[in-house]
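Structure at a glance
Residues per chain, in single letters:
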Protein chains: 4
Amino acid sequence: MIRLMMIGDVFGRPGRRAIKDNVPALIRDENLDLVLANGENAAGGNGITREIAMEIFAAGVDVITMGNHVWNKKEIINFIDRESRIIRPYNYPPGTPGVGYGFFKTRNNETVGVINLSGRVFMPGLDCPFRCADQVVPVLREQTPVILMDFHAEATSEKAAMAHYMDGRVSAVCGTHTHVQTADERILPGGTAFITDVGMTGPYDSVIGVKKEPVLERFLTQLPQKFEPAAGLYQFNAVIIDVRRETGRAAAIRRIQNYE
Amino acid sequence: MIRLMMIGDVFGRPGRRAIKDNVPALIRDENLDLVLANGENAAGGNGITREIAMEIFAAGVDVITMGNHVWNKKEIINFIDRESRIIRPYNYPPGTPGVGYGFFKTRNNETVGVINLSGRVFMPGLDCPFRCADQVVPVLREQTPVILMDFHAEATSEKAAMAHYMDGRVSAVCGTHTHVQTADERILPGGTAFITDVGMTGPYDSVIGVKKEPVLERFLTQLPQKFEPAAGLYQFNAVIIDVRRETGRAAAIRRIQNYE
Amino acid sequence: MIRLMMIGDVFGRPGRRAIKDNVPALIRDENLDLVLANGENAAGGNGITREIAMEIFAAGVDVITMGNHVWNKKEIINFIDRESRIIRPYNYPPGTPGVGYGFFKTRNNETVGVINLSGRVFMPGLDCPFRCADQVVPVLREQTPVILMDFHAEATSEKAAMAHYMDGRVSAVCGTHTHVQTADERILPGGTAFITDVGMTGPYDSVIGVKKEPVLERFLTQLPQKFEPAAGLYQFNAVIIDVRRETGRAAAIRRIQNYE
Amino acid sequence: MIRLMMIGDVFGRPGRRAIKDNVPALIRDENLDLVLANGENAAGGNGITREIAMEIFAAGVDVITMGNHVWNKKEIINFIDRESRIIRPYNYPPGTPGVGYGFFKTRNNETVGVINLSGRVFMPGLDCPFRCADQVVPVLREQTPVILMDFHAEATSEKAAMAHYMDGRVSAVCGTHTHVQTADERILPGGTAFITDVGMTGPYDSVIGVKKEPVLERFLTQLPQKFEPAAGLYQFNAVIIDVRRETGRAAAIRRIQNYE
Ligand SMILES: [Fe+2]
Ligand SMILES: [Fe+2]
Ligand SMILES: [Fe+2]
Ligand SMILES: [Fe+2]
Ligand SMILES: [Fe+2]
Ligand SMILES: [Fe+2]
Ligand SMILES: [Fe+2]
Ligand SMILES: [Fe+2]
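Reading the values: the criteria
By convention here, each chain's residues receive numbers from 1 onward along its written sequence. Whichever chain is written first is A, and whichever ligand is written first is 1; the rest continue in order. Residues qualify for local features only when their pLDDT is at least 70, as the model is predicted, and side-chain atom pairs are given and counted only at 80 or more; totals for whole chains, interfaces and linings, by contrast, use all residues. By convention in this description, side-chain values take in all heavy atoms of the structure and omit both hydrogens and water. Every residue is assigned a pLDDT by the predictor, reflecting its confidence on a scale from 0 to 100. UniProt positions are given in the numbering used here, feature names are shortened, and annotations may be inferred rather than shown by experiment. Each helix is a run of DSSP H or I of at least 4 residues and each strand a run of E of at least 2, with the numbering of both proceeding from the N terminus. Burial classes follow relative accessibility: with a 1.4 Å probe on protein chains only, a residue under 20% of its type's maximum area counts as buried, one over 50% as exposed, and anything between as partly exposed. Contacts are assigned to residue pairs with any non-hydrogen atoms lying within 4.5 Å of each other. A 2.8 Å cut-off from the metal defines N, O and S donors, relaxed to 3.2 Å for Na, K and Ca; water is not in the atom list, so some sites may appear incomplete. Square planar and octahedral assignments, for four and six donors respectively, both demand that opposite donors be over 155 degrees apart and that all other angles lie between 65 and 115; tetrahedral needs four donors with all angles between 85 and 135 degrees, and anything else is irregular. Only residues with pLDDT of at least 70 in both copies count here: their C-alpha atoms drive the least-squares fit that superposes the copies. Here the quantity called buried area is the accessible surface, traced with a 1.4 Å probe, that two parts lose on coming together, added over both. For this analysis, a salt bridge means a side-chain nitrogen from Lys or Arg found within 4 Å of a carboxyl oxygen belonging to Asp or Glu. Any N or O atom pair separated by 3.5 Å or less is treated as a polar contact, with the protein-specific requirement of one donor-capable and one acceptor-capable atom, and with residues adjacent in sequence counted only for side-chain atom pairs. Polarity classes work like this: nonpolar for Ala, Val, Leu, Ile, Met, Phe, Trp, Tyr, Cys and Pro, charged for Asp, Glu, Lys and Arg, and polar for all others, with Gly in that last group. We call two strands paired when DSSP finds no fewer than two bridges between them. Convention used here: a crossover is right-handed provided that the path from the first strand, over the helix, to the second strand proceeds clockwise when the strands point away from the viewer. Between the N-to-C directions of two axes lies an angle of 0 to 180 degrees, each axis being a line fitted to C-alpha atoms and, for a helix, fitted only over the stretch in contact. What sets the label is the angle itself: under 35 degrees gives roughly parallel, over 145 gives roughly antiparallel, 65 to 115 gives roughly perpendicular, and the rest give oblique.

Attention now moves to the confidence of the model for chain A. Summary statistics for chain A give a mean pLDDT of 98 and a share of 100% for residues scoring 70 or more. Of the two predicted TM-score estimates for the complex, the pTM is 0.97 and the ipTM is 0.97.

Right, dumping it as structure tokens:
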């Protein structure tokens, strides 16, 4: 069995503190073979920098996936092509910096395929994630049946549709983006593990990571506000997925919620 | 303590079967004082009819709340004003049929205030739900401190903002609409129970209630499809909330997921 | 010089009456070489049927383009593949019934290329119209430099961006979809004629074609309404574009607004 | 007769140059009684500053209306309450800085009422503009029957609906926001002048004011770009409306397009 952990959107400094506090222990205690984290909010809630990516990798994360905030810190455009451990949604236009999938080695030197895609419902116009999946998954399966997809999307319908579409073709479809962990983790009939959203790793007492007061002020007054990560204790949100190495079928998916 | 149960969007015939199978037993076994259900998808996934509402009430539900699908079955316009047990989002324009809040008696004859609101992010334009809450909550509190809000909304940020805004002013903010139960139920510092989404009570093997194949076909081809409730086994999604009758503070919130 | 006329969205029966009243006379009086019309609203404001398409062709229209309402009358799926004079937005998924571009003969047997694309801003998710244009335009230019694009889109920014992107590569970019003719027709520096929106050919005393009262009722009450084409006199909206046959450069673009 | 001129969204420095070049001459040559301009893009395409507002007033503009970009330059929050010649959309939440309507004196000391509203379709959630109009118009009519509304909105349907709703109650409904002048100016049956969009006063060779290259790059790559006003020659877009002072009925509406 190969054991993967996918960590929900890492948000700001509290999210990185959560990574450092929890990932090494979980790797050891849970015998994790590969650790992935969505890093689109790692730098102050907006994008990621090279330094912050290194901080996350140093804590034991093997792969960072991204989402709609991928370009918020513009420096990523300069380093993403030299950092094969960061992948961004595959369905950006051809020619976009970075790549949308990759092969990664577990601690036992086994190969895991990872693909990152973005949804389109209530989100910017990108290539069709379903047809993109049709293109990439066979490429990944040539190397390994153990495949994890981070599907970064807003609408629950689009996420569920993708999971069912992928059932039997990838080991796991992990939704990200809403910053709230869902309680619907399960193994679909074809052997694909699915959760609508892995959740958020960052400030606990917040509005999906952001300091509450300016968000409320924004909703009430419609005036522009400075949004920043909330201070205080963190939450750590992830899922652990066990995958049969021969078939790529998921045997188990389990939610993790740790608190500071 | 007053024990409330809020049931996530009841979807089609399988959802109603789930209500009939589960509600009477839960009332008895859990000593429920008042049972609420979001009924916007009760009739074939789209709206509600008088007959179907009666079916749900007969199973033990005391209050039906609604959402963006409230008018999908047009006959509701004719009976909603005579059926005080159905409430629709308060922030529809003044003059809209039906009401947006009400007072309901528990099995021990205690009064519970209920308010239904709709979000505006990624949803049709309605009056500001935050300011509407400011108007209605004091009216409810004149009669009782025990108040439940069904906040029917898409965006996790808007739901979390509402919960924090209401903290200490209502007993519970229960999100609905996404049809996926979230794993973030908690009691906020001011005593308000909160869950981003209660989930969906309806077809289990589905895309948020709908038969999978046409949904996938729609995402892949963009051609119009006939959407209908999926067949097969159901899931029953709800939360049970214990509220202190003197203060209206929530003492506990617990998720329910029953399967056929 | 080749003279093309592009007619804005034909809306319901009044729109078809406008076609019959105006097209034959304009062909004769203006010496039109090819007549195109957007037909997405031809059948009662929603989609098109085979019979209605024949009615429009019989009045002298050579090519019907479509838009987001293309599938509203489902029977089009059955006949669009056998009717080469109807084209739908090219950027629908591969495998979609119908085609997105075509070659058409003028009354003097010269070839005109036509492409139909849909925007993505405030519209459903489709393939990138800019990259699709990059694919199709060279195919068209192999046969002829005289090319007209119907860009069916909501946002003025997306339409202007497309026009500038196509400048020098097609003879004309005619926006459709908003049902209101814009007053910005011009020839861009590279020789491409452009208008943000050609307008609507249909009921004059209406809300973009639709009977006013239900639209107002909808905005005021948010209750569902039955939308139908307004009755009464029509407006006929079009542009006439003169294109140099050797180079495909537009020499002139002129707006037409005829009333009943 | 009272002659009003409403100028479309003033965009950046080229827009202000257009104001200075055109407004004084038009006041003189056209005998304008009151001049209004939408100023939401006056400062570099984004919002307005006090200094820039003074520059516009100095050129002869009497009233500046705003739109969704009203707060982009945050300093407006500090001066809008002391500058009665600037009005922002009325349907912002109560308590918002500034006001949404006002009374202004013509050069002959006659009173004109002005109201600014924002649409909600494809725009942020605000109070219902239709019901807001119902509130404000009677207040204005107590002082004067000569009333101009700037309805800042995206969707042509919402704008047309508002115009028909206001027909006979205000002298003119001038749409703004899309930055493209429409060719549908007319007097509705009740005496209200209407144009879907007045257009944009700013850089001519641009994508609705913005430099073309970054906009195209954005559509093609989805990468963030720095948007700035295009350089070069300007366009000046406005409408001139003649209103009968006794009845407030519009007698004429005429489009103005001047070029540098
Ligand atoms: Fe995120
Ligand atoms: Fe995201
Ligand atoms: Fe629902
Ligand atoms: Fe809903
Ligand atoms: Fe149309
Ligand atoms: Fe359309
Ligand atoms: Fe503007
Ligand atoms: Fe605007």
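From this point on, the discussion continues.
All names here are of chain A. Per the UniProt annotation, the sites labelled "active site" (unreviewed entry) are His69. Residue position: His69 is located in the loop between strand 4 (63-65) and helix 3 (76-79). Among the residues examined, His69 registers a relative accessible area of 23% and is labelled partly exposed. His69 has contacts with Glu40, Asn41, Asn46 and Gly47, leaving out every residue within four places of it along the chain.

Residues and elements named next belong to chain B. Binding of the iron ion (ligand 4) to the protein goes through Glu40 (OE), Asn68 (OD1), His152 (NE2) and His177 (ND1), at separations of 2.1 to 2.2 Å. Taken together, the four donor atoms coordinating the iron ion (ligand 4) span angles of 86 to 149° at the metal, a pattern that classifies the geometry as irregular. Counting gaps between the donor residues of the iron ion (ligand 4) yields the pattern E-x27-N-x83-H-x24-H. Between the iron ion (ligand 4) and the iron ion (ligand 3), the interatomic distance is 3.4 Å, and Glu40 donates to each metal, bridging them.

Turning to the relation of the copies chain B and chain A, a few remarks are in order. In screw terms, the move from chain B to chain A is a rotation of 180° and a rise of 0.0 Å along the axis, fitting with an RMSD of 0.0 Å. Both copies are brought into coincidence by an operation consistent with a two-fold rotation axis. Of every C-alpha in chain B, the one belonging to Thr182 of chain B sits nearest the axis of rotation, 1.9 Å from it. When the interface residues of chain B are mapped onto chain A, 100% of them are again interface residues, pointing to one common binding face.

In this section: the interface of chain D and chain B. Contacts between the two partners involve eight residues from chain D and, on the opposite side, eight residues from chain B. When chain D packs against chain B, the two sides together hide about 570 Å² of surface, and 35% of this comes from carbon and sulfur. Of all residues in chain D, Arg120, Asp127 and Arg131 of chain D bury the most surface against chain B, accounting for 68% of the area lost on that side. At the boundary of chain D and chain B, one finds two salt bridges. Viewed at the interface, chain B and chain D are joined by six residue pairs in polar contact (both at pLDDT 80 or more). Across the side of chain D that touches chain B, the residue classes break down as four nonpolar, one polar and three charged.

Residue and element names in this part refer to chain A. Counting buried residues along strand 9 (residues 172-176), five of its five residues qualify, which places the element largely inside the surrounding structure. In strand 9, alternate side chains face the same way, and those of Ala172, Cys174 and Thr176 on one face and Val173 and Gly175 on the other are all buried. As defined by bridge partners, strand 8 (residues 147-152) adjoins strand 9 across five bridges and the pair is classed as parallel. Bridging across to strand 9, Leu148 finds its partner in Ala172. With helix 5 (residues 156-166) bridging strand 8 and the parallel strand 9, this β-α-β connection has right-handed handedness. Pairing of strand 9 with strand 11 (residues 193-195), which is carried by three bridges, proceeds in the parallel orientation. Considered in strand 11, the bridge of Cys174 is made with Ile195.

Take the coordination of the iron ion (ligand 3) next. By definition of the ideal shapes, a tetrahedral metal site with four donors has angles of 109.5 degrees and an octahedral site with six donors has angles of 90 or 180 degrees. Residue and element names in this part refer to chain B. Only Asp9 (OD), Glu40 (OE), Asn41 (OD1) and His179 (NE2) from the protein reach the iron ion (ligand 3) as donors, at distances of 2.0 to 2.2 Å. One way to put it: the four donor atoms around the iron ion (ligand 3) meet at angles of 87 to 163°, and that makes the site irregular. Ordering the donors of the iron ion (ligand 3) by residue number gives the pattern D-x30-E-N-x137-H.

Negative phi characterises most residues that are not glycine, and trans characterises most peptide bonds. All names here are of chain A. Despite not being glycine, Asn109 shows a phi value in the positive range, around 65°. When you line up the elements, Asn109 lands in the loop between strand 6 (101-105) and strand 7 (111-118). Under the relative-accessibility criterion, Asn109 is labelled exposed at 54%. Even without glycine at this site, Gln222 takes up a positive phi of about 65°. By relative accessible area, which is 13% here, Gln222 ends up buried.

Time to look at the sheet that holds strand 11 of chain A. All names here are of chain A. On the basis of which strands lie adjacent, the open sheet formed by six strands has the order 6-7-8-9-11-10 and mixed pairing. Each edge of the open sheet carries a strand with a single partner, namely strand 6 and strand 10 (186-187). In this fold helix 4 (residues 129-141) packs onto strand 6, strand 7 and strand 8, with an angle of close to 170° to the strand it touches most, strand 7.

All right, on to the packing of helix 1 (residues 12-30) of chain C against helix 2 (residues 50-58) of chain C then. All names here are of chain C. Running from N to C, helix 1 and helix 2 point in directions that differ by 25°, and their axes come no closer than 9 Å. Regarding the angle of helix 1 to helix 2, the classification is roughly parallel. Each of Arg16, Ile19 and Lys20 in helix 1 lies in contact with helix 2, whose residues at this interface are Ile52, Glu55 and Ile56. Taken together, the residues that form the contact of helix 1 with helix 2 break down as three nonpolar, no polar and three charged.

Residues and elements named next belong to chain D. The six strands lie next to each other as 6-7-8-9-11-10, forming an open sheet whose pairing is mixed. On the outer flanks of this sheet lie strand 6 (101-105) and strand 10 (186-187), each paired with one strand and no other. As defined by bridge partners, strand 10 adjoins strand 11 (residues 193-195) across two bridges and the pair is classed as antiparallel. The residue bridging Ile187 from the neighbouring strand is Ala193, located in strand 11. Each of strand 6, strand 7 (111-118) and strand 8 (147-152) is contacted by helix 4 (residues 129-141), which is oriented at about 170° to strand 7, the strand it contacts most.

On to the environment of Arg249 of chain A, then. Residues and elements named next belong to chain A. If you trace the backbone, Arg249 turns up in the loop between strand 13 (234-243) and strand 14 (250-259). Judged by its relative accessible area of 39%, Arg249 falls in the partly exposed class. Considering only alpha carbons, one finds Arg249 and Phe219, 30 residues apart in sequence, at a separation of 44 Å. Apart from the residues lying within four places of it in its own chain, the contact partners of Arg249 are Pro189, Gly190, Gly191, Asp242, Val243 and Arg244. At 3.5 Å, the side chain of Arg249 forms a polar contact with the backbone oxygen of Pro189. Looking at Arg249, its side chain comes within polar contact range of the main-chain oxygen of Gly190, at 3.2 Å.

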